[in-house]
Amino acid sequence: MASMCRPSSRRVTAMPMPVVALGVAMVVLASSATVARGQQLKMGFYAASCPGVEQMVGDYVRQHVRRVPTVAAALLRLHFHDCFVRGCDASVLLNSTGGNVAEKDAPPNLSLRGFDFVDRVKALVEEACPGVVSCADVLALAARDAVAAIGGPSWRVPTGRRDGTVSSMVEALDEIPRPTMTFPELADLFASKGLGVRDLVWLSGAHTIGIAHCSSFADRLYGYAGANNGTDPSLDATYAANLRRRKCRAPLAGGRPYAVDAVVEMDPGSHLTFDLGYYREVLRHRGLFRSDAALLTDAAARADVAGVAAGPEEVFFQVFARSMARMGAVQVKTGDEGEIRRNCAVVNGD
């Protein structure tokens, strides 16, 4: 799931948008992850210290996602990029300092959105329960509730995460999946997080509500090594021609890398609907990233893609929810590790 759900700019703005039909499917799944310290998270962690916090987060997220459905992809991608660097510890939310460039300023994260949204949710929580609820838990809950708010699955999110105090651009460059990765590279990276091949396949399904910048896949359209027409042969030729003509114009000689770095729906026609469209497009060789096409290069992964695409939507919801629960427990900090940040963008005391 390389560079998951690439929104077009960093900030979420409250612009009127069409209301998306809800119809949420609640999937009650406990995480079976064996990742580091994940077992120390628990349901209802804040039942005594901040009762009602999950309802508070959910109400705010639902209210805004109904007005601006693109918030869902932004929050989901933000959570994913956080968990893949130092675990799910909200380190992606930290600002750079004079002596350190933080994760959010790494090239793969420059198109992340949702920072101000998380800040607003955190401010509400702080007003109700000062210094109690971590930014990492706020982000994990908000991502879950945003997916549910656009009609996708929900899943159980055990809480008790603590916030990290270290954020490194270099680590983000090393740890965040890239859209150019091969299947073995992706599988190895996921394995390093305690996630399996099926988690890779199901989490890639997040692209059903994502968009991508032309610059992240234009190497498949122009000058592809070994291709007579410069186009990646694993990309549907008709689709590639349409992208070149309508969305991603040819590079400018001696100028900017691409004439217009436009955005393209990962799941054309239904990028605001959490559905099976992404997998069906991948099977038609219309996945935008090389990492999407890579899912078809492994026999087991291809069989899973084909199986879920042909099945009922509820099956995808269940497996996606299970993998999200597993990812949300990756290398979490608990107990006396880390801190509870009052402001998600800075380490306490800075």
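Worth saying up front: this structure is predicted, and the values here are computed from it rather than measured.

Calculation notes
- Residues numbered from 1 in each chain as written.
- Predicted model: local features only at pLDDT ≥ 70, side-chain atom pairs only at ≥ 80, totals over all residues.
- Heavy atoms only, no water.
- Phe/Tyr/Trp six-rings, centres within 6.5 Å; stacked < 30°, edge-to-face > 60°.
- Buried < 20%, exposed > 50% of the residue type's maximum accessible area, 1.4 Å probe, protein only.
- Helix = DSSP H or I, 4+ residues; strand = E, 2+ residues; numbered from the N terminus.
- Salt bridge = Lys/Arg side-chain N within 4 Å of Asp/Glu carboxyl O.
- Core = buried A, V, L, I, M, F, W, Y, C linked by side-chain atoms within 4.5 Å.
- Contact = heavy atoms within 4.5 Å.
- Disulfide = S-S within 2.5 Å.
- pLDDT = per-residue confidence, 0-100.
- UniProt positions renumbered as here; feature names shortened; annotations may be inferred.
- Axes fitted to C-alpha atoms, helices over the stretch in contact; angles between N-to-C directions.
- Parallel < 35°, antiparallel > 145°, perpendicular 65-115°, else oblique.
- Nonpolar A, V, L, I, M, F, W, Y, C, P; charged D, E, K, R; others polar.
- Expected span 1.5 Å × (residues − 1).

(A) Layout of the packing of aromatic side chains. Under the definition given, this model contains 13 aromatic pairs. Their ring planes at 90° and their centres at 5.0 Å tell us that Phe45 and Tyr46 sit as a pair that is edge-to-face. Residue Tyr46 is classed as buried on the basis of its relative accessible area, which comes to 3%. Centre to centre, the rings of Phe274 and Phe316 are 5.5 Å apart; their planes meet at 5°, and the pair counts as stacked. With Phe274 in the loop between strand S4 (263-265) and helix H9 (277-283) and Phe316 in helix H12 (residues 313-327), the pair connects residues that are 42 residues apart, well separated along the chain. A relative accessible area of 0% means that Phe316 is categorised as buried.

(B) Main features of the pattern of salt bridges. Considering all chains together, one arrives at 15 salt bridges under this definition. Between Asp89 and Lys333 there is a salt bridge, with the nearest N and O atoms lying 3.0 Å from each other. Note that Asp89 is positioned in the loop between helix H2 (71-83) and helix H3 (115-128) and Lys333 in the segment after H12, a separation of 244 residues in sequence. One salt bridge in this structure joins Arg326 and Asp199, with 3.0 Å as the shortest N-O distance. Of this pair, Arg326 sits in helix H12 while Asp199 sits in helix H7 (residues 197-204), placing them 127 residues apart in sequence. Its relative accessible area of 8% is what places Asp199 among the buried residues. Residues joined in a network through salt bridges with shared partners are Glu54, Arg144 and Asp145.

(C) Layout of the nonpolar core. If you look at the biggest cluster of nonpolar residues, it comprises 80 residues, and the most contacted ones within it are Leu93, Tyr279, Phe316 and Phe320. If one sorts the elements of this core by residue count, helix H4 (residues 135-149) sits on top with 10 residues. Every residue in contact with Tyr279, bar those within four places of it in the chain, is listed here: Val201, Trp202, Ser204, Gly205, Val305, Val308, Ala309 and Phe316. Counting residues in each nonpolar core, the second largest holds 14 residues, with Leu221, Ala240, Leu243 and Met266 among its members.

(D) Region of interest: the state of the cysteines. Overall, the coordinates contain 4 disulfides when judged by the stated rule. Note that Cys50 is cross-linked by a disulfide to Cys129, the S-S spacing being 2.0 Å. Linking Cys50 and Cys129, the disulfide has an S-S dihedral of approximately 80° and is accordingly described as right-handed. On the criterion of sequence distance, the pair formed by Cys50 in the loop between strand S1 (25-26) and helix H1 (53-67) and Cys129 in the loop between H3 and H4 is long-range, its members being 79 residues apart. Comparing Cys50 with Cys129, the two get one shared label, buried.

(E) Quick look at the confidence of the model for the chain. When the pLDDT values of the chain are averaged, the result is 88; 86% of them are 70 or greater. Contacts of residues 5-38 to residues separated by more than four positions or lying in other chains number 112 contacts, the stretch itself having pLDDT below 50.

(F) Layout of the UniProt feature "binding site: substrate" (unreviewed entry) in the chain. Under the feature "binding site: substrate" (unreviewed entry), the UniProt entry names Pro177. Inspection of the secondary structure assignment puts Pro177 in the loop between helix H5 (169-175) and helix H6 (183-192).

(G) Main features of the packing of H6 against H7. For the pair H6 and H7, the least separation of the axes is 9 Å and the interaxial angle reads 105°. For the element pair H6 / H7, the angle class is roughly perpendicular. In contact with Phe183, Leu186, Ala187 and Phe190 of H6, H7 contributes Val197, Asp199, Leu200 and Leu203. Split into classes, the residues belonging to the contact of H6 with H7 amount to 7 nonpolar, no polar and 1 charged.

(H) H2, seen in detail. Under the 1.5 Å per step criterion, the end-to-end length of H2 is 18 Å for 13 residues, consistent within 8% with the ideal 18 Å. With 13 of 13 residues buried, H2 lies mostly within the body of the structure.

(I) A look at the environment of Phe289. Considering the arrangement of structural elements, one finds Phe289 in the loop between H9 and helix H10 (290-293). Taking relative accessible area as the criterion, Phe289 reaches 1% and is therefore assigned buried.

(J) Highlighting unusual backbone geometry. Of note in this structure, Ala90 is not a glycine but carries a positive phi near 65°. Classification of Ala90 by relative accessible area gives buried; the value is 0%. If you check the backbone angles, His285 has positive phi at about 60° while not being a glycine. By the secondary structure assignment, His285 is in the loop between H9 and H10. Relative accessible area serves as the criterion here: at 36%, His285 is assigned to the partly exposed category.

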